[in-house]
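Listed below are the residues making up each chain.
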Amino acid sequence: MPQVPFVIATDRPVLVTGATGYVAGWIVKGLLEAGATVHAPVRDPDNADKVAHLTAIAETAPGTLKLFKADLLQPGSYAEAMTGCGVVFHTASPFTTTVTDPQKELIDPAVQGTRNVLEEANKTESVSRVVLTSSCAAIYTDAIDTMNAPDGVITEEIWNSTASLDHQPYSLSKTLAERAAWEIADAQDRWKLVVINPSLVIGPSLQKSPTSESFNIVQMLAGGAMKMGAPKIGIGLVDVRDLAQAHLAAGFLPEAHGRNIISAHNSDFMAMAEVLLDDFGDDYALPKRAMPKWLVWLAGPSQGISRKFVKRNVNVPWRADNSKGKRELGVSYRPLKESMVDMMDKMIVDGAFKA
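All of the points below concern the structure found in this document. Residue numbers here run from 1 along each chain, matching the order of that chain's written sequence. Thresholds applied to this predicted model are a pLDDT of at least 70 for local features of residues and 80 or more for the giving and counting of side-chain atom pairs; totals over whole chains, interfaces and linings are not thresholded and use all residues. Only hydrogens and water are set aside when side-chain values are computed; all heavy atoms of the structure are taken into account.

Let's talk about the nonpolar core
Looking at soluble globular proteins, one finds that nonpolar side chains tend to be buried together.
Here's step 1: What makes a nonpolar core is a set of buried Ala, Val, Leu, Ile, Met, Phe, Trp, Tyr and Cys residues whose side-chain atoms join them at distances within 4.5 Å. Under the scheme applied here, a residue whose accessible area is under 20% of the maximum for its type counts as buried, over 50% as exposed, and between as partly exposed, the area being computed with a 1.4 Å probe on protein chains only. V16, L31, F89, I262 and M272 are the most contacted members of the largest nonpolar core, which totals 73 residues.
Here's step 2: Pairs of residues are marked as contacts when any of their non-hydrogen atoms sit within 4.5 Å. If sequence neighbours within four positions are ignored, F89 has contacts with V14, L15, V16, T17, I27, L31, V131, H247, L248, G251 and F252.
Here's step 3: Judged by nonpolar contacts, the second largest core, of 23 residues, contains L15, A70, V130 and W191.

Here it is in structure tokens:
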């Protein structure tokens, strides 16, 4: 399907929250290469290591990078960075599944951060559009939810109704944050909200030590933790570069609207490993077979995986309808093998598998 053409406006600065993040880095890169001025609010603008990959891109790109100090959880913290901006990309949100206090570590920062950014947009006259990075997690909790959806496939019309503080709190955080965003957006009519709902993001990072959960999964697949077999946990996958392109289309295509599922492959953990075997099977302890569900069920609790999760995700196919993003945002997707090989190559260069 051909790309839907759009022009990245460079007459006003563009704000990208969470600019040092995995997905945001590629968005910033696209903006800078198009000649835009990017306002990047970060916790510590003086931490050269944290922003090195962005400043390196800015040095050779026609656009301009401006760093600002901001705290996602501090109301009013984004006022300076947002001044004069036309489009706001709100990507900042914690993505981890290992938490001790989900309310404090996931729910509060996701919801309060979204409220702070969007309420600032309400006060900033120049803002005409906000693009929110939500997640397919705001649509479903477990792979079984996709099977239970109408026609066995999730669409943009569906909202997550099964996540809780006790079960998949990350999914709950994304659901509550997106609902808060729509509540704020619907209460005004000056700026437009467009939401991107990606599945699990894969592909190469621009920075050296990304914190996204995706890298932990690949670390387990190739680092030997699953060498006896990988569970076939049903999941959707999308390349970070294709996802960044979807964000840019959402920011600058006049007709972009609503929620947009951005997911390339209906997949599972074993399929992620299989596409790496040809290139990396001799040097890394990649799984060559799927772990039986009964064994995952048996061993799960000792690995911090609940039996409820095993029941609802292992050997359960994951299915999403990505046609809206293709049709309206012109998103096209690269093959799974390309994404996984590029991701693995970058992780090796970065020393992710050192003994």
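What to know about the packing of aromatic side chains
Here's step 1: When the centres of two rings from Phe, Tyr and Trp lie within 6.5 Å, Trp using its six-membered ring, the rings pair. Their planes under 30 degrees apart give stacked, over 60 give edge-to-face, and anything left gives tilted. Per the stated rule, a full pass over the model turns up 5 aromatic pairs.
Here's step 2: Note on F280 and Y284: the rings are 6.3 Å apart at their centroids and 70° apart in plane angle, and the pair reads as edge-to-face.
Here's step 3: For F280, a relative accessible area of 7% translates into the label buried.
Here's step 4: Between the aromatic rings of Y284 and F353, the centroid separation amounts to 5.3 Å while the plane-to-plane angle is 65°, which identifies the pairing as edge-to-face. Of this pair, Y284 sits in the loop between α10 (277-280) and α11 (293-299) while F353 sits in the segment after α14 (336-349); the two residues are 69 residues apart in sequence, bridging distant segments of the chain.
Here's step 5: Here the aromatic cluster, defined as three or more aromatic residues joined through ring pairs, consists of F280, Y284 and F353.
Here's step 6: Note that R179 overlies the ring of W159, its terminal NZ or CZ placed 4.1 Å from the centroid.
Here's step 7: For a lysine, the NZ atom is tested; for an arginine, the CZ atom; a charge sits over a ring if that atom is within 6 Å of the ring centre and within 35 degrees of the ring normal. Over the face of the ring belonging to W297 we find R307, whose NZ or CZ atom lies 4.0 Å from the ring centre. A helix here means a DSSP run of H or I that spans at least four residues, while a strand means a run of E at least two residues long, and both kinds are numbered starting from the N terminus.

Considering the pairing of strand β9 (residues 258-262)
Here's step 1: Burial of β9 is extensive: 5 of the 5 residues sit out of reach of the surface.
Here's step 2: Paired strands, in this sense, are two strands between which DSSP finds at least two bridges. Sheet topology places strand β6 (residues 192-198) next to β9; 5 bridges connect them, and they run parallel. The partner of V194 across the bridge, within β9, is G258.

Focus on the environment of P62
Here's step 1: Here P62 is to be found in the loop between α2 (48-60) and β3 (64-69).
Here's step 2: The spacing of P62 and V316 is 254 residues in sequence and 47 Å in space, taken between C-alpha atoms.
Here's step 3: Those residues in contact with P62 that lie beyond four places of it in its chain are L32, E33 and G35.

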